[in-house]
Amino acid sequence: MLSRTADHLYWMSRYTERAENTARMLDVNYQTSLLPQSAAVAQVGWQGLLSISELVPMYSQRHSDVTSQDVMEFMIKDESNPSSIVSCLKAARENARAVRGSLTTEVWETQNQTWLELTRMLRSNEFERDPGQFFEWVKFRSHLSRGVTVGTMLMDEALHFMRLGTFLERADNTARLVDVKFHAVQSDFFGAATEQDQEYDFYHWSAILRSVSGFEIYRKVYRDVIKPERVADLLILRPDMPRSLHASMIEVVANLQMVANDQSAETQRRAGKLRADLQYGSIDEILATGLHAFLTQFLDRVNELGSRISRDFLVPVTG
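Residues numbered from 1 in each chain as written. Predicted model: local features only at pLDDT ≥ 70, side-chain atom pairs only at ≥ 80, totals over all residues. Heavy atoms only, no water.

Engineer: Mind showing me how you'd approach the overall build of the chain here?
Structural biologist: Each helix and strand counted, the chain has 16 helices and zero strands in total. In summary, the chain has a C-alpha radius of gyration of 20 Å against a globular reference of 20 Å for 319 residues, a match within 12%. When the backbone C-alpha atoms are referred to their principal axes, the chain occupies close to 60 × 50 × 40 Å. Each of the 319 residues in the chain was classed as buried or not, and the buried ones make up 53%. In the chain, the proportion of contacts linking residues at least 24 apart, taken out of those at least 6 apart, comes to 66%. With the model as given, the accessible surface of the chain reaches about 14,800 Å², and the carbon-plus-sulfur share is 51%. Distance from the positive charge centre (35 side chains) to the negative charge centre (42 side chains) of the chain: 4 Å. (Helix = DSSP H or I, 4+ residues; strand = E, 2+ residues; numbered from the N terminus. Rg over C-alpha atoms; globule rule 2.2 N^0.38 Å. Buried < 20%, exposed > 50% of the residue type's maximum accessible area, 1.4 Å probe, protein only. Contact = heavy atoms within 4.5 Å. Areas by Shrake-Rupley, 256 points an atom, 1.4 Å probe, with all protein chains shown as cover. Lys, Arg positive; Asp, Glu negative; His and termini not counted. Charge placed at Lys NZ, Arg CZ, Asp CG, Glu CD.)

Below is the structure:
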């Protein structure tokens, strides 16, 4: 396969997944902000969201204060922000258009329709009227895109590059979400003492689980009250949790194997080692040595994998 074609397919999937993850993070913050809490705590939540996406400097250039309204506008509608939902879905559609001939009609039409529908919704202010409904729509379009891809594409290299983009992006985003959310709660509410704090604790952790569609899964797996260390275990180490780091890396390794070439052996080795660390890891060990340190290292390794994949298979980045 031409590296240029592989590049467009890989980034089309990454941008679609990124738009969904941005919607998920905004949704959990929006839902949490509706709980009774002080303005300071609410602001920490919105600042955390910008930190997850490494957008604090860019946001600060445009806005003097961190407010829910400004952050949502910035993360949804601001085209100068490359991680905003509008930027991601536009980039996904542009990448799809560039390789129209490699996609089935259904895959192209899904991407194109998503973009057309998004521009209509933003023009008619549908997001302002009901943010929760808008975030659900973004998630649904991403689900649809993945389903149509798996259901209609030939199971060849094109599909494997798309899957590779999806799961590498998912691993990155889940790690960022867990890191920032655990960080924020560690200081105030971890192991809450008072009844009121315990109640907040429950809503906080259940909101995080819902943001990765993990609330029902948690109930099924643990059949217990929501405990932070189990939330971490579910989102990091469980191979049967679709959005966990372990499940994402299983997919990355499998799809890398399918597109392997003469120069990708080292990339495959590193991906396999990262998956093995998750496969044989223990949450007690991770928490004892420091969750933040573990996740920071994981993100570094995922970013390095992304760079190596670009170097081995895709169009080289110029200056």
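Engineer: What am I meant to see in unusual backbone geometry here?
Structural biologist: The bulk of non-glycine residues show a negative phi, and the bulk of peptide bonds are trans. Of note, Asn125 is a non-glycine position whose phi angle comes to about 60°, a positive value. For Asn125, the location among the structural elements is in the loop between helix H6 (105-123) and helix H7 (126-129). Of note, the phi angle at Ser213 is positive, near 50°, even though the residue is not glycine. Locating Ser213 in the fold gives a position in the loop between helix H10 (195-211) and helix H11 (215-222).

Engineer: Looking at this structure, how should I read the pattern of salt bridges?
Structural biologist: If the charged atoms of two oppositely charged side chains come close together, the side chains can form a pair. Taken as a whole, this structure holds 28 salt bridges when the rule is applied. Between Arg243 and Glu17 there is a salt bridge, with its nearest N and O atoms 2.7 Å apart. Of this pair, Arg243 sits in the loop between helix H12 (228-236) and helix H13 (245-259) while Glu17 sits in helix H1 (residues 3-33), and the two are 226 residues apart along the sequence. For the pair formed by Arg243 and Glu17, the shared burial category is buried. (Salt bridge = Lys/Arg side-chain N within 4 Å of Asp/Glu carboxyl O.)

Engineer: I keep staring at the side chain of Asn255 and nothing clicks. Help me out?
Structural biologist: Here Asn255 is to be found in helix H13. In this structure Asn255 touches His160, Arg163 and Leu164, once residues within four positions along its chain are discounted.

Engineer: What exactly am I supposed to notice about the confidence of the model for the chain here?
Structural biologist: Overall, the predicted model of the chain reaches an average pLDDT of 89, with 93% of residues at or above 70. Here residues 187-195 scores under 50 on pLDDT; set against residues more than four positions off or in separate chains, the count is eleven contacts. (pLDDT = per-residue confidence, 0-100.)

Engineer: Sorry if this is basic, but what is going on with the packing of aromatic side chains here?
Structural biologist: Aromatic ring pairs are defined here through the distance separating the ring centres and the angle between the ring planes. Using the criterion set out here, one finds eight aromatic pairs in the structure. Aromatic side chains Phe134 and Trp137 sit 6.2 Å apart centroid to centroid with 25° between the ring planes, which places their arrangement in the stacked category. Note that Phe134 and Trp137 are positioned in helix H8 (residues 131-152) at a spacing of three residues, about one turn of the helix. One exposure class covers both Phe134 and Trp137, and it is buried. Ring plane angle 70° and centroid distance 5.6 Å describe the contact between Phe161 and Phe313, whose orientation is recorded as edge-to-face. (Phe/Tyr/Trp six-rings, centres within 6.5 Å; stacked < 30°, edge-to-face > 60°.)

Engineer: Mind showing me how you'd approach H6 here?
Structural biologist: Think of an α-helix as turning once every 3.6 residues; residues three or four places apart then point the same way. With 19 residues, H6 extends 27 Å between its outermost C-alpha atoms, agreeing within 8% with the 27 Å of an ideal straight helix rising 1.5 Å per residue. When H6 is considered as a whole, its buried residues turn out to be Val107, Trp108, Thr110, Gln111, Asn112, Thr114, Trp115, Leu118, Met121 and Leu122. The first or second residue beyond H6 is Asn125, which carries a positive phi of 60°. (Expected span 1.5 Å × (residues − 1).)

Engineer: Sorry, what's going on with the nonpolar core here?
Structural biologist: Soluble globular proteins: nonpolar side chains tend toward being buried together. Of all hydrophobic cores here, the largest spans 81 residues; its most connected members are Leu26, Ile76, Phe134, Ile236 and Phe298. Considering each element in turn, this core owes the most residues, ten residues, to helix H9 (residues 157-188). Those residues in contact with Phe134, other than ones at most four positions away along the chain, are Ile76, Ile85, Leu118, Met121, Leu122 and Phe127. In terms of nonpolar packing, the next biggest core, distinct from the first, is built from twelve residues, Met12, Leu103, Val148 and Leu159 among them. (Core = buried A, V, L, I, M, F, W, Y, C linked by side-chain atoms within 4.5 Å.)

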